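Here is what each chain is made of, one letter per residue.
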Amino acid sequence: MITIVDYGMGNLGSIMNMFKYIGVPAVATNDQDKISGAEKLLLPGVGAFDAAMLRINDSGLCPLLDRKVLEERTPVLGICLGMQLLTRSSEEGKMPGLGWISAVTKRFPATPGLKVPHMGWNVVAPTRESPLTRGLPEEARFYFVHSYYVQVDNEEDSILKTTHGIAFDAAIQHGNIYGAQFHPEKSHKFGMQLLENFARL
Amino acid sequence: MLRTRIIPALLLRNESLVKTLRFGKFTYVGDPCNTVRIFNELEVDELLFLDISATREGRSPNLKVLADIANECFMPLGYGGGIRSLSDAKAVFDIGFEKVAINSFAEEEPRIISELASHYGSQAVIASIDVKKNFWGHYQVRTCGGKHNVRRNPVEWARELESLGAGEILLTSIDREGTWDGFDVELVKSVADAVSIPVIAHGGAGRVEHIGEVVQQGGASAVALGSMVVFQKKGMGVLVNFPDERELRMALYSSV
């Protein structure tokens, strides 16, 4: 069972649809008891960094989420903005992030001929093995929509890289903490493989 | 590197998919759910649904059909047709679509674009522009399924929509739509040169070479396909299909 943290930002419909399709039970909730008992957490997110952090802080879920992830070591997967929230900070806002992984979120530098947001399908290159990316074919591609990117402090926390002007961390892992900058729920069989991998952890 | 997005643009009318010629002459294509299942298996980049009867009938989006579609589709989904408020759009987003296209209502009430962009981000807002050449060969913007000539220049209107917060422009040539004769590259280039947001070229695709042409010469960031992906060939029967990957790459990345 996957527990999707519903803090009021993010396209939960399509994530639920994909879990249903691959036969993985999932529930979207902001209920303390349900999150407390979660086997696996998924942190979605679409929108602005500060708006999302404000909502999470206001929900009163922060201490509980910290305990689940940092003490109980419950696997957590942040998707898109949800991955950026795992970092210490973002150039998009002033609020501190959850800080569960040593990384920061930065704005894509203005590069002539390159559009921001980075929107569309792009191929990813594995930088190391990870249970999250097991079984992905070569030239696996994912659907991205973002104007900010994550940069890990320690290269070993990066598991997939993609290039848009600069190479950035498309997926990260540090122990039980996982992040994907792209939208697996919108990435056909590649996304299904990744979400199945997370469900099987 | 980002792949050029090739997007089937599917027209909804009374819970059926249809294909039009120059915005008229409806041909029945099939049931939306069966059709999207095939596109799902073909692993297309993205799908765009345009309900061409919603605005004409003055009604809001048919959420039941859209929910059925979203349950089957694991690629980015866009929807346009009859969206006149934030709550109309919210209902579409909640189902699992991530982009909405606004056409006629943006002309009536331009601030809908800004409101949507500030709530959901520019990447979720497609401004759709339908263009027809007049008797003297001047391009003019039309709304309400091509019915109303709003006497606007497409280049200026595209700039205005960009400044309001639109994340991309869906540019449809009414004169080429459904003809298989190729895109109006001149029209696409005039708009693509004027804005910095992506322009999706729509109307006229008949061969993969047309796609290469409008991307390389017209500066389109993405291409929407209608007839090519729902008919076997021009004048022939329905066949849901998608251009061969290798042919597409050849057309897109070979020098012309």
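These numbers were taken from a predicted model, which means no experiment stands behind them. (Residues numbered from 1 in each chain as written. Chains lettered and ligands numbered in written order. Predicted model: local features only at pLDDT ≥ 70, side-chain atom pairs only at ≥ 80, totals over all residues. Heavy atoms only, no water.)

**Comments concerning the overall build of chain B**
Piece 1. Tallying secondary structure elements over chain B gives eleven helices and twelve strands in all.
Piece 2. Computed over its C-alpha atoms, the radius of gyration of chain B comes to 17 Å, within 12% of the 18 Å expected for a compact globule of 256 residues.
Piece 3. The principal-axis extent of the C-alpha atoms belonging to chain B is close to 40 × 40 × 40 Å.
Piece 4. In chain B, which comprises 256 residues, the share counted as buried stands at 59%.
Piece 5. Summing over all exposed atoms, chain B offers an accessible surface of approximately 10,300 Å²; the carbon and sulfur share of this is 49%.
Piece 6. Computing the positive centroid from 28 side-chain charges and the negative centroid from 33, chain B places the two 5 Å apart. (Helix = DSSP H or I, 4+ residues; strand = E, 2+ residues; numbered from the N terminus. Rg over C-alpha atoms; globule rule 2.2 N^0.38 Å. Buried < 20%, exposed > 50% of the residue type's maximum accessible area, 1.4 Å probe, protein only. Areas by Shrake-Rupley, 256 points an atom, 1.4 Å probe, with all protein chains shown as cover. Lys, Arg positive; Asp, Glu negative; His and termini not counted. Charge placed at Lys NZ, Arg CZ, Asp CG, Glu CD.)

**Some thoughts on the pairing of strand β6 (residues 118-123) of chain A**
Residues and elements named next belong to chain A.
Piece 1. The buried count for β6 comes to five of six residues, which makes it a mostly enclosed element.
Piece 2. Relative to strand β8 (residues 141-146), β6 runs antiparallel, the two sharing six bridges. Across the sheet, residue W121 finds its bridge partner in β8, namely Y143. (Pairing = 2+ DSSP bridges.)

**Points about helix α3 (residues 63-72) of chain B**
Given 3.6 residues per helical turn, the α-helix brings residues three or four places apart onto the same face.
Piece 1. V65, L66, I69, A70 and E72 of chain B are the residues of α3 of chain B that are buried. Down the axis, α3 of chain B shows its buried residues gathered within 160° of arc, on one side only.
Piece 2. Looking at the buried residues of α3 of chain B, the elements they touch are α1 (12-21) of chain A together with β1 (5-13), α1 (32-41), β4 (47-51), β5 (77-80) and α4 (86-95) of chain B. (Arc of directions from axis to C-beta. Contact = heavy atoms within 4.5 Å.)

**Thoughts on the confidence of the model for chain B**
Piece 1. Per-residue pLDDT for chain B averages 94, and the proportion of residues at 70 or more is 99%.
Piece 2. Two numbers describe this predicted complex: its pTM, 0.91, and its ipTM, 0.86. (pLDDT = per-residue confidence, 0-100.)

**Here's the deal with empty space enclosed by the protein**
Piece 1. With the rule as written, the count across this model stands at three cavities of 30 Å³ or more.
Piece 2. For the largest cavity, the calculated volume is near 60 Å³.
Piece 3. Partitioned by chemical class, the residues of the lining of the largest cavity number four nonpolar, seven polar and two charged. (1 Å grid on protein atoms, 1.4 Å probe; cavity = no way out; pocket = protein on both sides within 12 Å on 5 of 7 lines; lining within 4 Å. Points joined across faces, edges and corners; volume = space filled by probe spheres on them. Nonpolar A, V, L, I, M, F, W, Y, C, P; charged D, E, K, R; others polar.)

**Some details on the layout of surface pockets**
Which parts of space are left empty comes out when a probe the size of a water molecule is rolled across the atoms.
Piece 1. If you add up the space inside the largest pocket, you get close to 1,100 Å³.
Piece 2. If you trace the largest pocket, you find 42 residues lining it, with V46 and G47 of chain A together with H119, Y120 and Q123 of chain B closest to the centre.
Piece 3. Among the elements of the structure, α1, α3 (49-58), α5 (81-85) and β8 of chain A together with α4 and α6 (111-120) of chain B are those that each provide at least two residues to the lining of the largest pocket.
Piece 4. Approximately 700 Å³ is the volume attributed to the second largest pocket.
Piece 5. Lining the second largest pocket are 27 residues, with G113 and K115 of chain A together with L2, P198 and S221 of chain B positioned closest to its centre.
Piece 6. Here the residues of the lining of the second largest pocket are counted per class, giving twelve nonpolar, eleven polar and four charged.

**Looking at the pattern of salt bridges**
Piece 1. Applying the stated criterion to the full structure yields 30 salt bridges over all chains.
Piece 2. Between E72 of chain A and K68 of chain A there is a salt bridge; the shortest N-O distance is 3.2 Å.
Piece 3. Residue K68 of chain A is classed as buried on the basis of its relative accessible area, which comes to 2%.
Piece 4. Of the charged contacts, one joins E160 of chain B and R152 of chain B as a salt bridge, the two residues approaching to 3.4 Å between their closest N and O atoms. (Salt bridge = Lys/Arg side-chain N within 4 Å of Asp/Glu carboxyl O.)

**Remarks on the nonpolar core**
Piece 1. If you look at the biggest cluster of nonpolar residues, it comprises 81 residues, and the most contacted ones within it are L47, F49 and F97 of chain B.
Piece 2. Here this core takes six residues from helix α8 (residues 185-194) of chain B, the largest share from any one element.
Piece 3. Those residues in contact with F49 of chain B that lie beyond four places of it in its chain are L10, L12, V36, I69, L77, G78, Y79, G80 and F97 of chain B.
Piece 4. Membership of the second largest hydrophobic core comes to 34 residues, among which are M18, F108, F144 and A180 of chain A. (Core = buried A, V, L, I, M, F, W, Y, C linked by side-chain atoms within 4.5 Å.)

**Describing the interface of chain A and chain B**
A common measure of how large an interface is: the accessible area buried when the components associate.
Piece 1. Counting residues at the interface gives 25 residues for chain A and 28 residues for chain B.
Piece 2. Of the roughly 2,200 Å² buried where chain A meets chain B, counting both sides, 53% is carbon and sulfur surface.
Piece 3. At the boundary of chain A and chain B, one finds two salt bridges.
Piece 4. Residue E98 of chain B is joined to K186 of chain A by a salt bridge in which the shortest nitrogen-to-oxygen separation is 3.4 Å.
Piece 5. At the surface where chain A touches chain B, the tally comes to eleven residue pairs in polar contact (both at pLDDT 80 or more).
Piece 6. Elements represented by at least two residues in the side of chain A that touches chain B include exactly α1, β6, β8, β10 (158-164) and α6 (188-200) of chain A.
Piece 7. Along the lines of polarity and charge, the residues of the side of chain A that touches chain B split into nine nonpolar, eleven polar and five charged. (Buried area = accessible area lost by both parts, 1.4 Å probe. Polar contact = N/O pair within 3.5 Å; in protein donor to acceptor, adjacent residues only side chain to side chain.)

**Digging into the pairing of strand β2 (residues 26-29) of chain A**
Each regular strand displays side chains that alternate between the two surfaces of the sheet.
All names here are of chain A.
Piece 1. Where strand β1 (residues 2-5) meets β2, four bridges bridge the pair, whose relative direction is parallel. The partner of I4 across the bridge, within β2, is A28.
Piece 2. Since β1 and β2 lie parallel, the crossover through α1 that links them has a hand, and here it is right-handed. (Right-handed = clockwise from strand over helix to strand, strands pointing away.)

**A short note on unusual backbone geometry**
Piece 1. Across the junction of V116 of chain A and P117 of chain A, the peptide omega takes the value 10°, indicating a cis bond.
Piece 2. Looking at where P117 of chain A falls in the secondary structure, it is placed in the loop between β5 (103-107) and β6.
Piece 3. Positive phi outside glycine occurs at F23 of chain B, with the angle close to 70°.
Piece 4. Along the chain, F23 of chain B falls in the loop between β2 (16-21) and β3 (24-30).
Piece 5. For F23 of chain B, a relative accessible area of 17% corresponds to the buried category.
Piece 6. In this structure, C144 of chain B takes a positive phi of about 60° despite not being glycine.
Piece 7. By relative accessible area, which is 12% here, C144 of chain B ends up buried.

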